[in-house]
Amino acid sequence: MASTIGFIGLGNMGGPMAANLVKAGHIVSGFDLSEAALSALEAAGGKRAASVQELAASSDVIVTMLPAGAHVRKVYMGEGGILEAARPGTLMIDSSTIDVDSARAVAEAASAKGMPMVDAPVSGGVGGAAAGTLTFMVGGPEEAFGKAKPYLDVMGKTIVHTGDAGTGQAAKICNNMILGISMIGVSEAFVLAEKLGLDAQKLFDISSTASGQCWSLTSYCPVPGPLPSSPANRDYQPGFAAEMMLKDLKLAQEAASSAGAATPLGAQAAALYALFCNSGGRGVDFSGIVKYLRGTS
Ligand code: NAD
């Protein structure tokens, strides 16, 4: 059945996600600070809302896809924000990647107003957003998850309920902390192999079937040659840009500090990605850190 959906944050990810909701037959109105983003939604068959209040007051479901925690707090809890204007019972889905504390604060404020909410960050990038094949990691009460699932199914392929509010964000940053650390580990091994006169293909053939095996090696090899599909073969065009990896590693460090977890390798990975970004790697694929470690970036 068609629902009236309000979508706030129609950028690289939100634009195509909103377009998929339109394609599925829903009535979608959108709000963004960018005129170009609003025009693109209209071209895809959606309507533009004049303000957050107008959108919130007339929607059964609200989806947000914003840059960071501060934007999410403002759009939901600020003056004239969603929680002021929406009707009790309106379903809230925040798919932005944000800090766990903000996700939990907004979910609590929504719940106090009788509005079910889930944090539902994604992986899969712009390609996955356009193809409707995103992975959603969903935190929130079982009932809210059940209500959100049919809409997430339209925008994604794999939908996982991770637990209470904030655990969707926790899953996303824990996974990306593994990824950042493992990419640095694999890159260091290839740089060492070069110095030792060991051919990259030989290292790949051995480690991809030995105990060094991991996704950063076998699905995203950071040096050109062994894996034709990896960004290393197209001059490290993203893919997943180093600045996005840095954002997620910083979120992991914030969460670790707030929760009292020791994550020394996560801290080191965040520091290395900050150095790589500051030395010109910001827009380069995150596997390009191999060039920084080799001293050639
Ligand atoms: P983006 O910058 O392209 O889009 C964000 C949009 O939010 C912009 O259009 C901006 O104008 C709008 N916006 C900002 N403040 C607003 C406000 N107060 N009211 C209304 N609109 C506002 O970013 P993106 O790449 O679409 O990423 C969105 C989120 O998804 C981020 O949290 C990012 O970390 C996450 N993410 C991105 C990718 C990716 O590959 N791009 C992958 C996974 C997750």
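What counts as what
- Residues numbered from 1 in each chain as written.
- Predicted model: local features only at pLDDT ≥ 70, side-chain atom pairs only at ≥ 80, totals over all residues.
- Heavy atoms only, no water.
- UniProt positions renumbered as here; feature names shortened; annotations may be inferred.
- Helix = DSSP H or I, 4+ residues; strand = E, 2+ residues; numbered from the N terminus.
- Contact = heavy atoms within 4.5 Å.
- Polar contact = N/O pair within 3.5 Å; in protein donor to acceptor, adjacent residues only side chain to side chain.
- Domains from an automatic or database assignment.
- Buried area = accessible area lost by both parts, 1.4 Å probe.
- Salt bridge = Lys/Arg side-chain N within 4 Å of Asp/Glu carboxyl O.
- Core = buried A, V, L, I, M, F, W, Y, C linked by side-chain atoms within 4.5 Å.
- Buried < 20%, exposed > 50% of the residue type's maximum accessible area, 1.4 Å probe, protein only.

Under an unreviewed UniProt entry, the protein chain has the name 3-hydroxyisobutyrate dehydrogenase and belongs to Roseibium suaedae. Regarding the protein chain, the UniProt comment filed under Sequence similarities (unreviewed entry) reads as follows: "Belongs to the HIBADH-related family." Recorded under Pathway (unreviewed entry), the UniProt text for the protein chain is reproduced unchanged: "Amino-acid degradation; L-valine degradation."

Participant: Would you mind showing me how to read the UniProt feature "active site" (unreviewed entry) in the protein chain here?
Facilitator: In the numbering adopted here, UniProt assigns the feature "active site" (unreviewed entry) to Lys172. Relative to the helices and strands, Lys172 is located in helix 9 (residues 167-195). Excluding its chain neighbours within four sequence positions, the residues that come into contact with Lys172 are Thr97, Pro121, Val122, Ser123, Met137 and Asp248. From its side chain, Lys172 meets the backbone oxygen of Val122 in a polar contact 2.7 Å long.

Participant: Sorry, what's going on with the domain arrangement of the protein chain here?
Facilitator: Many descriptions give the size of an interface as the accessible area lost when the pieces come together. Domain boundaries assigned for the protein chain yield domain 1 (4-164) and domain 2 (170-294). Measuring from the centre of the C-alpha atoms in domain 1 to the corresponding centre in domain 2 gives 30 Å. Taken together, the contact pairs twelve residues of domain 1 with ten residues of domain 2. Between domain 1 and domain 2, a total of about 740 Å² is buried, with carbon and sulfur atoms accounting for 64% of that surface. Run the count over domain 1 and domain 2 and you get zero salt bridges.

Participant: Looking at this structure, how should I read the nonpolar core?
Facilitator: Soluble globular proteins tend to bury their nonpolar side chains together. Residues Phe7, Met17, Val28, Ile93, Phe136, Val138 and Leu152 are the most contacted members of the largest nonpolar core, which totals 31 residues. In terms of residue count, the dominant contributor to this core is helix 8 (residues 142-155) (six residues). Filtering out sequence-adjacent residues up to four positions away, Val138 remains in contact with Val118, Asp119, Ala120, Phe145, Leu152, Ile159, Val160, His161, Thr162, Gly163 and Gly168. Listed in part, the 22 residues of the second largest apolar core include Leu55, Leu83, Val106 and Met115.

Participant: Would you mind going over unusual backbone geometry with me for this structure?
Facilitator: Most peptide bonds take the trans form, and the phi angle of most residues other than glycine is negative. Residue Gly239 is bonded to the preceding Pro238 through a cis peptide linkage, with omega at 15°. Take Gly239: it is sitting in the loop between helix 11 (215-218) and helix 12 (242-259). Of note, the phi angle at Asp235 is positive, near 50°, even though the residue is not glycine. Along the polypeptide, Asp235 turns up in the loop between helix 11 and helix 12. Judged by relative accessible area, which is 60%, Asp235 ranks as exposed. The backbone phi angle of Tyr236 is positive, close to 60°, even though this residue is not glycine. With respect to the helices, strands and loops of the structure, Tyr236 is situated in the loop between helix 11 and helix 12. The buried category is assigned to Tyr236, whose relative accessible area is 5%.

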